[in-house]
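Secondary and tertiary structure notes
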Amino acid sequence: MTERTFQLAGVDMVQLLGYNDGNLQMIEDHFDATVSVRGDQVTLRGTGQEITRVEKVIKELVYILTKNGNLNTGDVETVIDLVTVNGSGPEVAPTDSGDEGEGAILYTKTGIIKARTPGQKLYVQQIRKNDIVFAIGPAGTGKTYLAVAMAVAALKNRDITRIILSRPAVEAGESLGFLPGDFREKIDPYLRPLYDALDDMLSAERLRSYVEKRIVEIVPLAYMRGRTLHNAFVILDEAQNASAVQMKMFLTRLGVHSRAIITGDVTQIDLPTKTTSGLVQIQNVLRSVPGIAFVHFDKNDVVRHRLVKDIIEAYDRYSANGGGDPKGAAL
């Protein structure tokens, strides 16, 4: 007998297992193996060949569920039949290629979201260990994207009941008052990057439903004042543009069973000259507080276009040679 355990982070386990675990029962009826599920952790027991086939079935079903947003009995029967006959499912699931599924944070319609650099892996580890995590580093290192993925995974796993995403609405060279439209239209460009991340991780229909039901909220930082957030995953993006007062206000919003991630790049501060960045100050204020972690990224963690790393290095050289520290260019 062999035992194998793996995790399916961010997968809707209720849909995967079926009503009254009906899908799970179908799998066990067709293979000489047992399947135990606890949270997002799956444990298989049986002969090596049988548990390999069962794992393939489960991961194919995850792929279909993630791609289509639902799973029916016919899907389960089809996958079981194909794996029984020739050992492969109808499509090659992303989880079947090497160790691609290792360390997965979230399964999406376009593939697996996972940490890909040493800095990102440390980041994910610290998020799982601590209630508050600060991620500081240059653009393109996945600070915000991975934070949103962790939040969506926690929501799907029912670890929390809502996600709150926030950004300070600080002008980078232009004034809100001169931008066209009403307040919502003025503020939308500041929040758009958060919507973009969610668009990659949730279907349009589900995201719309979550927003309508206030399961997912995307709000300017100023709107956080006076709130207490229970059972929530709270993310503050572009935190270098939060003042020291705003940073304290944000951190004291956390309620019971809530977690927070604060991301920012201290080289891209757009605050008035005499205003202290809360992200700069907080590194001294909270450095030794248990349950709070600071993760620092560098150019080696950049996962955008290959030229982004070269651009960051060029700016670093320019500053080191006395060229100043250019601000306001949001890479």
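Turning to empty space enclosed by the protein, a few remarks are in order. Gaps left between atoms are located by rolling a probe of water-molecule size over the structure's atoms. Evaluation of the coordinates by the stated rule reveals two cavities of 30 Å³ or more. Each pocket or cavity is described by its volume, and for the largest cavity that value is around 60 Å³. Lining the largest cavity, in full, are Leu 16, Leu 17, Asn 23, Leu 24, Ile 27, Val 35, Val 37, Val 42, Ile 58 and Leu 61. Looking at the lining of the largest cavity, the elements with two or more residues in it are α1 (13-17), α2 (22-30), β2 (33-38) and α3 (48-68). Residue contributions to the lining of the largest cavity peak at three residues, all from α2. For the lining of the largest cavity, the residue count by class is nine nonpolar, one polar and no charged.

We now examine the confidence of the model for the protein chain. With 84% of its residues at a pLDDT of 70 or more, the protein chain has an overall mean of 83. Mean pLDDT per element in the protein chain: helix α7 (residues 183-201) is the minimum at 76, and strand β6 (residues 132-136) is the maximum at 97. Segment residues 88-101 is flagged for pLDDT under 50; beyond a separation of four residues in sequence, or across chains, it makes 35 contacts in the model. Contacts of residues 172-176 to residues separated by more than four positions or lying in other chains number eight contacts, the stretch itself having pLDDT below 50.

Conventions we followed
Residues numbered from 1 in each chain as written. Predicted model: local features only at pLDDT ≥ 70, side-chain atom pairs only at ≥ 80, totals over all residues. Heavy atoms only, no water. 1 Å grid on protein atoms, 1.4 Å probe; cavity = no way out; pocket = protein on both sides within 12 Å on 5 of 7 lines; lining within 4 Å. Points joined across faces, edges and corners; volume = space filled by probe spheres on them. Helix = DSSP H or I, 4+ residues; strand = E, 2+ residues; numbered from the N terminus. Nonpolar A, V, L, I, M, F, W, Y, C, P; charged D, E, K, R; others polar. pLDDT = per-residue confidence, 0-100. Contact = heavy atoms within 4.5 Å.

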